[in-house]
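Architecture at a glance
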Amino acid sequence: MNSPTEDQIRSFRLRSHHLDRIYGRETLLEAAGACGLQNSPPGAWEAAIHNRIPELGGKELRDILEENKILLQAWSFRGVPVVFPAEERRTFLSALIPAEGEPWIYTRGIGLALDALGLDFDYLLRLLLQVIPGLDHRSISGKNELDQMLAAWMEPFLPEEKRQIWNQPSMYGSPDRQTVGGAAVSFLLRPCSFMGQVVFGKRRGGSPEFTSAGRWLNEADREPGQTDLPGPDGEASRCLVRKFLHCYGPSSPDLFGEWLGCSGKQARRMWNLAAEEMEPVSVMGKKKFFLREDRQILFESPDFSRGPLLLSGYDPYLDQRDRQILQPDSRLRGKIWRTVANPGAVVTEGRVTGIWTARKKKDGLEVDISLWEPGDSRRRLTELAEDYAAFRGLALSELTWTEGGDREWN
């Protein structure tokens, strides 16, 4: 069994993620559609595109998403907001619909609400599907407002004896702002997203708007009251597996499941849809798989000619599940991937060799770069920090370096 080197794997993934060189604006759909762009925290997708297509500014990207609408934002893998080409919404949404016996992604936590209500998951989901076509005719600003509005629309269809519990304060936090019904809706919105029932609209101030995909994309209205739960979209699922392997291969079904945030059963079912297109390979002593059509690129000599990168903390390249490929030291991996608020990553020859953070102060941007290995080009990293500040519409006001435990100031 052939074994690609770790450098070959990193070079392959950089190329698949459009990070091996600077790309032009004509590649936007290809770059966004490679594996989708997580947009949590808000703005993460714009920072990711900046590292791939730097000629596109933040305002132009927001116009492409919110005015031209060739890109679409919706809850996707792991239940997070993802930006992807609107024409590929089957791949990033309906591919995630589970088969019978498989749980929906990002719904495990609904159990507390179901127990309190004494109601079944599918029953509540069908009720929500009955009323959510109301979004065909309006937008709702704010996630909590969306949860509570939809919960209010559902209430008249609930058994009368359940309505009091439905309107009680939430057991999940923020009981002053959310009800039990609103909390249940919050979990149920992910399945609704996968079925194309709700998408993100414009962001106004600190809050996004939500509406239906049909209204947002100016498509014909759905017939109201559609409550049938669809089955899996096999072709879309196969396409999503291929995207995953093209960006994160060689890999395995369990890592695919981690990336999706789905059950092992769903991951294996989806994986098998593309199994005939795969070849096995040994990586770090473990059997992994890659797409047969990627063989030549995977085994090419590594190309790291672009130089170092300053990636945002939630860049798709950093979403690799076999994180030891990016950084073998488990202690340092803990500094890159945190429970919340990941820092940015300094990437050199495909490896994470440091972290960085940025904070706005008045009209400037203060950046702190912490390097773990000698040899990283401070001059080039300074240029990248200046470029990022300009992308944010700011000047780089201060740059702090931390290396080998010593703190230096520019």
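What comes next is a walk through the structure. Just so it is clear, the structure is predicted and the values come from calculations on it, not from any experiment.

Moving on: the overall build of the protein chain. Scanning the protein chain from N- to C-terminus turns up 17 helices and 14 strands. By the compact-globule yardstick of 22 Å for 410 residues, the protein chain fits well, its C-alpha radius of gyration being 22 Å. For the protein chain, the spread of C-alpha atoms along the three principal axes comes to 70 × 55 × 40 Å. Split into buried and exposed, the 410 residues of the protein chain put 54% on the buried side. Put simply, 66% of the contacts in the protein chain that link residues at least 6 apart link residues at least 24 apart. Here the protein chain has roughly 18100 Å² of accessible surface; of this, 47% comes from carbon and sulfur atoms. Seen as two clouds, the 53 positive and the 58 negative side-chain charges of the protein chain have centres 2 Å apart.

Here Lys243 shows up in helix α12 (residues 234–248). Judged by relative accessible area, Lys243 falls into the buried class, the value being 13%. In this structure the C-alpha to C-alpha distance between Lys243 and Ser16, which are 227 residues apart in sequence, comes to 9.4 Å. Not counting chain neighbours up to four residues away, the residues in contact with Lys243 comprise Gly33, Ala34, Glu88, Thr91 and Phe92. Within the structure, the side chain of Lys243 is placed 2.5 Å from the backbone oxygen of Gly33, a separation counted as a polar contact.

The subject of this paragraph is the packing of helix α3 (residues 44–52) against helix α4 (residues 58–68). Interhelical geometry of α3 versus α4 gives an angle of 115° and a closest axis separation of 10 Å. For the pair α3 and α4, the sense of crossing is right-handed. Contact residues: Trp45, Glu46 and Ile49 in α3; Gly58, Leu61, Arg62 and Leu65 in α4.

Attention now moves to the packing of helix α13 (residues 253–260) against helix α14 (residues 264–272). Viewed as axis vectors pointing N to C, α13 and α14 meet at an angle of 115°, and their least axial separation amounts to 9 Å. Seen along the crossing, α13 lies across α14 with a hand that is right-handed. Across the interface between the two elements, Pro253, Phe256, Gly257 and Leu260 from α13 touch Ala267, Arg268, Met270 and Trp271 from α14. By residue class, the composition of the contact of α13 with α14 is six nonpolar, one polar and one charged.

For the rest of this paragraph, the subject is the sheet that holds strand β4 (residues 140–141). Reading across the sheet, the three strands line up as β4-β6-β5 and stay open at both edges, with antiparallel pairing between neighbours. Edge strands, defined here as strands with exactly one partner in the open sheet, are β4 and β5 (199–204). Sheet analysis places β5 next to strand β6 (residues 207–211), joined by four bridges and oriented antiparallel. Pairing of Val199 across the sheet is with Thr211, part of β6.

Take the pattern of salt bridges next. Overall, the coordinates contain 29 salt bridges when judged by the stated rule. Here Asp7 and Arg10 are joined by a salt bridge, their closest N and O atoms 2.9 Å apart. Remark: Arg10 and Asp7 occur in helix α1 (residues 6–16); sequence separation between them is three residues, near one turn of the helix. Among the residues examined, Arg10 registers a relative accessible area of 6% and is labelled buried. The closest approach of N and O atoms between Arg238 and Glu277, which form a salt bridge, is 2.5 Å. Separated by 39 residues along the polypeptide, Arg238 in helix α12 and Glu277 in the loop between α14 and β7 (278–283) bring together distant segments of the chain. The exposure class assigned to Arg238 is partly exposed, which follows from its relative accessible area of 24%. Counted as one network, the salt bridges with shared partners bring together Glu235, Arg238, Arg242, Glu277 and Glu293.

Let's shift gears to the sheet that holds strand β1 (residues 37–38). Read from one edge to the other, the open sheet built from three strands follows the order β1-β3-β2, with strand pairing classed as antiparallel. Each edge of the open sheet carries a strand with a single partner, namely β1 and β2 (71–75). Relative to strand β3 (residues 81–85), β2 runs antiparallel, the two being bridged by five bridges. Opposite Trp75, over in β3, you have Pro81 as the bridge partner.

Per the stated rule, a full pass over the model turns up 17 aromatic pairs. For the ring pair Phe200 and Phe210, a centre distance of 4.7 Å and an interplane angle of 55° mean the geometry is tilted. Taken together, the positions of Phe200 in strand β5 and Phe210 in strand β6 put the pair 10 residues apart, joining distant regions of the chain. The two residues Phe200 and Phe210 agree in class, both being buried.

The rules behind the values
Residues numbered from 1 in each chain as written. Predicted model: local features only at pLDDT ≥ 70, side-chain atom pairs only at ≥ 80, totals over all residues. Heavy atoms only, no water. Helix = DSSP H or I, 4+ residues; strand = E, 2+ residues; numbered from the N terminus. Rg over C-alpha atoms; globule rule 2.2 N^0.38 Å. Buried < 20%, exposed > 50% of the residue type's maximum accessible area, 1.4 Å probe, protein only. Contact = heavy atoms within 4.5 Å. Areas by Shrake-Rupley, 256 points an atom, 1.4 Å probe, with all protein chains shown as cover. Lys, Arg positive; Asp, Glu negative; His and termini not counted. Charge placed at Lys NZ, Arg CZ, Asp CG, Glu CD. Polar contact = N/O pair within 3.5 Å; in protein donor to acceptor, adjacent residues only side chain to side chain. Axes fitted to C-alpha atoms, helices over the stretch in contact; angles between N-to-C directions. Left-handed = near helix turned anticlockwise from the far one by under 90°. Nonpolar A, V, L, I, M, F, W, Y, C, P; charged D, E, K, R; others polar. Pairing = 2+ DSSP bridges. Salt bridge = Lys/Arg side-chain N within 4 Å of Asp/Glu carboxyl O. Phe/Tyr/Trp six-rings, centres within 6.5 Å; stacked < 30°, edge-to-face > 60°.

Everything listed is a geometric property; what it means functionally is a separate question.
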